[in-house]
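Each chain, written out:
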Amino acid sequence: MAKGYWVSVYPAISDPERLTAYDKLAGPAVRAGGGRLLSRGGRVVAHEAGITQRVILIEFDSFEQAVAAYESEAYQKALVALPDGFERDFRITEGID
């Protein structure tokens, strides 16, 4: 079964400290959904139209598990905590089996 991944890039972060409320809710929600954080805000080398801001990569055992974690009540509460003014490009993608 192919793994599932959340890929999230924040093209614009005006005040990173305002992400604290979201992070406190999102972390436990992701772990409860079976997600494993692989990368968060580390070094990035961007090419072409790439973005060097905060990049998050989370792995799940399956694509279906990744979708279910996003749709979970716990993660939906975390989304409400995302502050206004933050731009985020979020995708759920299926890995190669």
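Structural data are supplied above this passage.
Residues numbered from 1 in each chain as written. Predicted model: local features only at pLDDT ≥ 70, side-chain atom pairs only at ≥ 80, totals over all residues. Heavy atoms only, no water.

## Some points on the packing of helix H1 (residues 20–32) against helix H3 (residues 73–80)
At their nearest, the axes of H1 and H3 sit 8 Å apart, and the two run at 165 degrees to each other. Here H1 lies roughly antiparallel to H3, going by the angle between them. Of the two possible hands of crossing, H1 and H3 adopt the one that is left-handed. On H3, the residues that touch Tyr22, Leu25, Ala26 and Ala29 of H1 are Ala74, Tyr75, Lys77, Ala78 and Leu79. A class-by-class count of the residues in the contact of H1 with H3 yields eight nonpolar, no polar and one charged. (Axes fitted to C-alpha atoms, helices over the stretch in contact; angles between N-to-C directions. Helix = DSSP H or I, 4+ residues; strand = E, 2+ residues; numbered from the N terminus. Parallel < 35°, antiparallel > 145°, perpendicular 65-115°, else oblique. Left-handed = near helix turned anticlockwise from the far one by under 90°. Contact = heavy atoms within 4.5 Å. Nonpolar A, V, L, I, M, F, W, Y, C, P; charged D, E, K, R; others polar.)

## Here we look at the sheet that holds strand S1 (residues 4–12)
Note on sheets: strands pair through backbone hydrogen bonds, and any given pair is parallel or antiparallel. The four strands are arranged S2-S3-S1-S4 in an open sheet whose pairing can be described as antiparallel. The open sheet is flanked by strand S2 (36–40) and strand S4 (87–94), the only strands paired with a single partner. Each strand of the sheet is rotated relative to its neighbour by a mean of 15 degrees, with strand direction disregarded. Judged from the four bridges that link them, S2 and strand S3 (residues 55–60) form a sheet pairing that is antiparallel. When the sheet's bridge partners are listed, Ser39 is paired in S3 with Leu57. (Pairing = 2+ DSSP bridges.)

## Considering the packing of aromatic side chains
Using the criterion set out here, one finds seven aromatic pairs in the structure. Ring centres 6.1 Å apart and planes at 80 degrees place the aromatic pair Trp6 and Tyr70 in the edge-to-face group. With a gap of 64 residues between them, Trp6 in strand S1 and Tyr70 in helix H2 (residues 63–71) connect regions that are remote in the sequence. For Tyr70, a relative accessible area of 26% puts it in the partly exposed group. Taking NZ or CZ as reference, Arg54 lies 5.2 Å from the ring centre of Tyr10, over its face. (Phe/Tyr/Trp six-rings, centres within 6.5 Å; stacked < 30°, edge-to-face > 60°. Buried < 20%, exposed > 50% of the residue type's maximum accessible area, 1.4 Å probe, protein only. Lys NZ or Arg CZ within 6 Å of the ring centre and 35° of its normal.)

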